[in-house]
Amino acid sequence: GCTSAPMSFRRRIFIHYDTCLWFSALKPRPVTMAGNDMTLLIMGLMLVVAALAQALMPGFAMLGQARFPWLLAVTIYYSWNRELHVALVAGFLAGFLQDVLSPFMPFGYSVGCFCVTALAVNGWSRFVNTRDKVALFGTAACVGAVTTLVFFLLLSSHGILEYRAS
């Protein structure tokens, strides 16, 4: 490990994390195939439940009938807690389900946005404490806002949505 420096020397340096932890975070995570069958089965069930919840639950009246993004939440969960290949599968399947269930969304927009979200969140989760709930909720809020903005820009650039300031 990284215990070559004496403890008193490390205490004098005013750095929150040890340098060896940062370098070990840059190493790719090992890809393990053990348990992936059960992970994919549970992911499929979670995605079906999330798609049903997103399609059938009513929107919030105070937010202009906006619905909670259940499929994006599943993508963020798997990106935060799992390997990159599992996160990309979750992002692809969640985006596919959202594209299929949305009457006005062109096919492929959600798949692209959710896969980029999975890449970003999975990469960010290597540099933060993944057990910290504040970091998770802050990341999810930022990712949700950016994804909503990207959806708006994509749809308005093709004339599907119209923005009129009154």
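Caption draft 1: Region of the structure containing helix 7 (residues 133-157). Compared with the 36 Å implied by 1.5 Å per residue over 25 residues, the 36 Å span of helix 7 between its first and last C-alpha is a close match. Looking only at helix 7, the buried set comprises Ala135, Leu136, Thr139, Val143, Gly144, Thr147, Phe151 and Leu155. Phi for Gly159, located one or two positions after helix 7, is positive at around 75°.

Caption draft 2: Seen up close, the confidence of the model for the chain. Looking at the chain, pLDDT values average 81 and 77% of them are 70 or higher. Low pLDDT, under 50, characterises residues 9-26; the stretch is placed with eleven contacts to residues that sit more than four places away or in other chains.

Caption draft 3: Quick peek at the packing of helix 4 (residues 70-81) against helix 6 (residues 109-124). Packing of helix 4 against helix 6 brings their axes to within 8 Å, and their N-to-C directions diverge by 35°. Of the two elements, helix 4 crosses helix 6, and the hand of that crossing is right-handed. Note on element contacts: helix 6 touches helix 4 through Phe114, Thr117, Ala118, Val121, Asn122 and Trp124, opposite Leu71, Leu72, Thr75, Ile76, Ser79 and Trp80. Considering only residue class, the contact of helix 4 with helix 6 consists of eight nonpolar, four polar and no charged.

Caption draft 4: Structural view of helix 3 (residues 36-56). Here helix 3 spans 30 Å end to end across 21 residues, near enough to the 30 Å set by a 1.5 Å rise per residue. What helix 3 keeps buried is the set Asn36, Thr39, Met43, Leu47, Ala50, Ala51, Ala53 and Gln54. Looking straight down helix 3, one finds that the buried residues subtend no more than 160° of arc, so they occupy a single side. Among the exposed residues of helix 3, those oriented more than 90 degrees off its buried face are Asp37, Leu41, Leu45, Val49 and Leu56. Of the surrounding elements, those touching the buried residues of helix 3 are helix 4 and helix 5 (84-101).

Caption draft 5: Summary view of the packing of aromatic side chains. In this structure the tally under the stated criterion is four aromatic pairs. Judged by centre distance (5.0 Å) and plane angle (80°), the ring pair of Tyr77 and Tyr78 falls under edge-to-face. Residue Tyr77 is classed as partly exposed on the basis of its relative accessible area of 34%. What makes Tyr78 buried here is its relative accessible area of 2%. An angle of 85° between the planes, with centres 5.7 Å apart, marks the rings of Phe96 and Phe107 as edge-to-face. Here the residue Phe96 occupies a position in helix 5, and Phe107 occupies one in the loop between helix 5 and helix 6, the gap between them amounting to eleven residues. By relative accessible area, which is 36% here, Phe96 ends up partly exposed. Overall, the relative accessible area of 60% leaves Phe107 in the exposed class.

Cut-offs used in this document
- Residues numbered from 1 in each chain as written.
- Predicted model: local features only at pLDDT ≥ 70, side-chain atom pairs only at ≥ 80, totals over all residues.
- Heavy atoms only, no water.
- Helix = DSSP H or I, 4+ residues; strand = E, 2+ residues; numbered from the N terminus.
- Expected span 1.5 Å × (residues − 1).
- Buried < 20%, exposed > 50% of the residue type's maximum accessible area, 1.4 Å probe, protein only.
- pLDDT = per-residue confidence, 0-100.
- Contact = heavy atoms within 4.5 Å.
- Axes fitted to C-alpha atoms, helices over the stretch in contact; angles between N-to-C directions.
- Left-handed = near helix turned anticlockwise from the far one by under 90°.
- Nonpolar A, V, L, I, M, F, W, Y, C, P; charged D, E, K, R; others polar.
- Arc of directions from axis to C-beta.
- Phe/Tyr/Trp six-rings, centres within 6.5 Å; stacked < 30°, edge-to-face > 60°.

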